[in-house]
Amino acid sequence: MNDFNYKKSLGQNFLQDKNILENIVKCANITDNALTIEIGPGSGNLTKEIAKVSKQVLCYEIDERLEMVLDDSLKEYHNINIIFADFLKRDINSDISKYEYDNLYLVANLPYYITTPIIEKIIATNLPFKKIVIMIQKEVGERFNAKPGMKEYNSLTVYLNYYFNLKKEFIVSRNCFIPKPNVDSIVISLEKKKDLLALKSIDKFNKLLKDSFKFKRKTIKNNLKNYDLTKVEEILTKYNFNLNTRAEEIPLEVFVELANNLN
Ligand code: SAM
């Protein structure tokens, strides 16, 4: 890797610390006969640790220049398949239909520039992941875990918490990567909630969230001015909020009720 020209535009910061790599994989508690998906194997350092415990590993790497590096670094492992393609453009359901497995996992040190689209895609595929363990930028991790009333609380926080129980696992210093990024990282794990709140339409819910948080300093009355504000007020009042409340104060169950009752 000495003469490898790292591409910042592809989020290429490779994790060097073997203990941390092992600890990331441990968070997933991968069981027997598992298939684990990794996005962005890079030079294969995390992939190796996954392949030691997961019967099968399927990776997506956008940068074809890494093919030779990966061929070499992973040559001892025969349970890894790498697709050189943009994860965001692949039909994941079709890719994994060729595999037989008992449990499905996702473990990845994500390319940070596309954290949100990757997570939206993971949700949209609706695959039955037993556990998802991802390393992301620390500030983004704080947002995912934020509670109503905190300034980090946003539409993705609500969307993610609708689907998953989230856990902060541990922080990773920027010094553990080559090249060294400008930010620290955090490993978080996500497990799908067993009893999801009933939603009439996921698309409506998503749109309502995006609209509610559109202008951060504005109240619900301003951000939702194209909705039936009488209905919005009626629901908010039930929960001791009003039209002057800001989206960042409103909890998940209220957004679900709003989405289910607005056109
Ligand atoms: N797994 C390695 C590690 O832990 O050190 C590398 C992680 S690095 C943060 C992110 C990796 O994602 C890079 O190898 C990058 O080339 C790859 N990548 C970036 N965009 C991608 C995309 N759209 N689809 C698949 N891989 C992508």
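What counts as what
Residues numbered from 1 in each chain as written. Predicted model: local features only at pLDDT ≥ 70, side-chain atom pairs only at ≥ 80, totals over all residues. Heavy atoms only, no water. Helix = DSSP H or I, 4+ residues; strand = E, 2+ residues; numbered from the N terminus. Rg over C-alpha atoms; globule rule 2.2 N^0.38 Å. Buried < 20%, exposed > 50% of the residue type's maximum accessible area, 1.4 Å probe, protein only. Areas by Shrake-Rupley, 256 points an atom, 1.4 Å probe, with all protein chains shown as cover. Near = heavy atom within 4 Å. Polar contact = N/O pair within 3.5 Å; in protein donor to acceptor, adjacent residues only side chain to side chain. Salt bridge = Lys/Arg side-chain N within 4 Å of Asp/Glu carboxyl O. Arc of directions from axis to C-beta. Contact = heavy atoms within 4.5 Å. Axes fitted to C-alpha atoms, helices over the stretch in contact; angles between N-to-C directions. Parallel < 35°, antiparallel > 145°, perpendicular 65-115°, else oblique. Nonpolar A, V, L, I, M, F, W, Y, C, P; charged D, E, K, R; others polar. Phe/Tyr/Trp six-rings, centres within 6.5 Å; stacked < 30°, edge-to-face > 60°. Lys NZ or Arg CZ within 6 Å of the ring centre and 35° of its normal.

Topic: the overall build of the protein chain
Alright, step 1. The helix and strand inventory of the protein chain stands at eleven helices and nine strands.
Alright, step 2. In terms of C-alpha radius of gyration, the protein chain reaches 20 Å, essentially the compact-globule figure of 18 Å for 263 residues.
Alright, step 3. Counting only C-alpha atoms and orienting by the principal axes, one finds that the protein chain spans roughly 65 × 40 × 30 Å.
Alright, step 4. Going through the 263 residues of the protein chain one by one, you find that 51% of them count as buried.
Alright, step 5. Of the roughly 13,500 Å² of accessible surface on the protein chain, a fraction of 47% belongs to carbon and sulfur atoms.

Structural notes on the site of the ligand
Alright, step 1. In the neighbourhood of the ligand, 24 residues make up the surrounding shell, with L15, G40, E61, D86 and Y113 lying closest.
Alright, step 2. Measuring from a nitrogen atom of the ligand, one finds a backbone N or O atom of G40 at 2.8 Å.
Alright, step 3. F87 places a polar main-chain atom, nitrogen or oxygen, 3.0 Å from a nitrogen atom of the ligand.

Remarks on the pattern of salt bridges
Alright, step 1. Tallied over the entire structure, the rule returns 15 salt bridges.
Alright, step 2. Between D95 and R90 there is a salt bridge whose closest N-O contact spans 2.7 Å.
Alright, step 3. Residue class for D95 comes out buried when judged on its relative accessible area of 5%.
Alright, step 4. Note that E152 and K151 form a salt bridge whose closest N and O atoms lie 3.3 Å from each other.
Alright, step 5. On the basis of relative accessible area, E152 is assigned to the partly exposed category, the value being 26%.
Alright, step 6. Classification of K151 as exposed rests on a relative accessible area of 64%.
Alright, step 7. Via salt bridges that share partners, K18, E22, E49 and K52 belong to a single interconnected network.

Details of the environment of S94
Alright, step 1. Assignment of secondary structure puts S94 in helix 4 (residues 92-96).
Alright, step 2. According to the relative accessible area criterion, S94 is partly exposed, its value standing at 32%.

Thoughts on helix 10 (residues 229-238)
Alright, step 1. Of all the residues in helix 10, the buried ones are V232, I235 and L236. Seen from one end, helix 10 has its buried residues packed into an arc of 100 degrees, which puts them on one side. With respect to the buried face of helix 10, the exposed residues turned more than 90 degrees away are T230 and K238.
Alright, step 2. The elements touched by buried residues of helix 10 are helix 9 (220-223) and helix 11 (252-261).
Alright, step 3. Between the side-chain oxygen at the start of helix 10 and the backbone nitrogen of T230 there is a gap of 3.1 Å, and the oxygen is on D228.

Brief notes about the packing of helix 7 (residues 155-163) against helix 11
Alright, step 1. Where helix 7 contacts helix 11, the axes come no closer than 10 Å and their chain directions differ by 90 degrees. As judged from the angle between their axes, helix 7 and helix 11 are roughly perpendicular. Residue-level contacts link V158, N161 and Y162 of helix 7 to L252, F255 and V256 of helix 11.
Alright, step 2. Per-class residue counts for the contact of helix 7 with helix 11 are five nonpolar, one polar and no charged.

What about the packing of aromatic side chains?
Alright, step 1. Under the counting rule described, the total for this entry stands at eleven aromatic pairs.
Alright, step 2. Where Y159 meets F205, the ring centres are 6.4 Å apart and the plane angle is 35 degrees; that geometry is what we call tilted. Remark: F205 occurs in helix 8 (residues 202-212) and Y159 occurs in helix 7; sequence separation between them is 46 residues. When sorted by exposure, Y159 lands in the same class as F205, which is buried.
Alright, step 3. Relative to F164, the ring of Y163 lies with its centre 6.2 Å away and its plane at 45 degrees, an arrangement referred to as tilted. Neither residue differs from the other here; Y163 and F164 are each classed as buried.
Alright, step 4. By way of ring pairs, the aromatic residues Y159, Y162, Y163, F164 and F205 are connected into one cluster.
Alright, step 5. Residue placement shows K121 over the ring face of F87; its charged tip is 5.7 Å from the ring centre.

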